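Report on the structure
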Amino acid sequence: MKADPAVQRQLLDLAKVDAELNRVAYRRRTLPELAEIETAERTVREKRDALVTTQTAVSDLDREIARQEKEIESVRAREDRDRKILESGSVSSKQMNDVQHELETLARRQSALEDDLLELMERREALELDGQRTGAEVDKAEQELADASHRRDENIADLDTTQARRDEDRAKLLPRFPENLLALYERVRAHKGIGAALLRARRCGACQLELDRNTVSEIKSAAEDEVVQCDNCGAILVRTLESGL
């Protein structure tokens, strides 16, 4: 394949633009904020799940406390009824002893229920504190996620601007190249990542391999308009005074 040496040299401009586009694409994939966001999202999920678990436990305790309070009220109502019976004096001595015994039993029952209720309320208070701490952790995790997302969006906006400029530069360069030369460049670039590179001091600028004597001799004897490629990576080798030929 042949192409005007001046046109071949312009491949370096195209390769430079494509290298920057590759860096933009790599930067998009490796933004540190992406890992931060993934970690922050996982933390938010974990903290929210922990908060829901705590809130559910508090709700369960609230129901247990309500049941306990209702039972205590029932015991107190029975105590009030029994005391009124005693105060009325309308029962026999045996019945009075039975009622007195029941009052003693109810007092012990009430005391036990109140102890249980106190324990439930202490557990609820501890869970409430845990919920407050977890809620604060959720807020912190959500803020960290929002901050990382904001930084990611800013960086992506900058990358979008850079890519748009380089795409515009590339569009201006493409018409300068004959179709067959551009097709070769694009084919090599698609497979190797770099379509063309400067041959400097007998070294390929794409793969950095130093060419052997025979290859250098072949390139040196090739016509100026001959399109030559690196035997190692296939990149189009652009010859200039720096090539050391």
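Residues numbered from 1 in each chain as written. Predicted model: local features only at pLDDT ≥ 70, side-chain atom pairs only at ≥ 80, totals over all residues. Heavy atoms only, no water.

Another point: a negative patch on the surface. On the surface, D115, D116, E119, E122 and E125 cluster together to form a negatively charged patch. Among the secondary structure elements, D115 is positioned in helix α3 (residues 93-173). (Patch = residues over 30% accessible without salt bridge, like charges linked within 9 Å, V, L, I, M, F, W, Y side chains within 5 Å. Areas by Shrake-Rupley, 256 points an atom, 1.4 Å probe, with all protein chains shown as cover. Salt bridge = Lys/Arg side-chain N within 4 Å of Asp/Glu carboxyl O. Lys, Arg positive; Asp, Glu negative; His and termini not counted. Charge placed at Lys NZ, Arg CZ, Asp CG, Glu CD. Helix = DSSP H or I, 4+ residues; strand = E, 2+ residues; numbered from the N terminus.)

Packing of helix α1 (residues 5-30) against helix α4 (residues 179-192) brings their axes to within 12 Å, and their N-to-C directions diverge by 35 degrees. Pair α1 / α4 crosses with right-handed handedness. Across from V7, L11, L14, A15, D18 and N22 in α1, the residues of α4 making contact are L181, L182, Y185 and R189. Grouping the constituent residues of the contact of α1 with α4 by class yields 7 nonpolar, 1 polar and 2 charged. (Axes fitted to C-alpha atoms, helices over the stretch in contact; angles between N-to-C directions. Left-handed = near helix turned anticlockwise from the far one by under 90°. Contact = heavy atoms within 4.5 Å. Nonpolar A, V, L, I, M, F, W, Y, C, P; charged D, E, K, R; others polar.)

Before going further, it helps to spend a moment on the environment of D18. By the element assignment, D18 lies in helix α1. Considering only alpha carbons, one finds D18 and R166, 148 residues apart in sequence, at a separation of 7.9 Å.

Relative to the helices and strands, Q8 resides in helix α1. Taking the relative accessible area as the measure of exposure, Q8 reaches 3% and is therefore buried. For Q8, the contacting residues outside a window of four places in its chain are A3, E224, D225, E226, V227, L237 and V238. (Buried < 20%, exposed > 50% of the residue type's maximum accessible area, 1.4 Å probe, protein only.)

Of all hydrophobic cores here, the largest spans 18 residues; its most connected members are L11, L14, F177, L181, Y185, V227 and I236. At the level of elements, α1, α4 and β4 (236-239) are the ones that each hand at least two residues to this core. Sort the elements by how many residues they give to this core and α1 lands first, with 6 residues. Core analysis: the next-biggest nonpolar cluster, separate from the first, contains 10 residues, V216, V228, C233 and L237 among them. (Core = buried A, V, L, I, M, F, W, Y, C linked by side-chain atoms within 4.5 Å.)

The subject of this paragraph is the pairing of β4. Along β4, one buried face is formed by I236 and V238 and the opposite face, lined by L237 and R239, is buried too. Direction of pairing for strand β1 (residues 196-200) relative to β4: parallel, over a ladder of 4 bridges. Bridge pairing in β4 links L199 to R239. Where strand β3 (residues 228-229) lies against β4, 2 bridges are found, and the strand directions are antiparallel. Note on β4: the bridge partner recorded for V228 is L237. The antiparallel hairpin formed by β3 and β4 contains 6 residues in its connecting segment, where G234 sits at a positive phi of about 85 degrees. (Pairing = 2+ DSSP bridges.)

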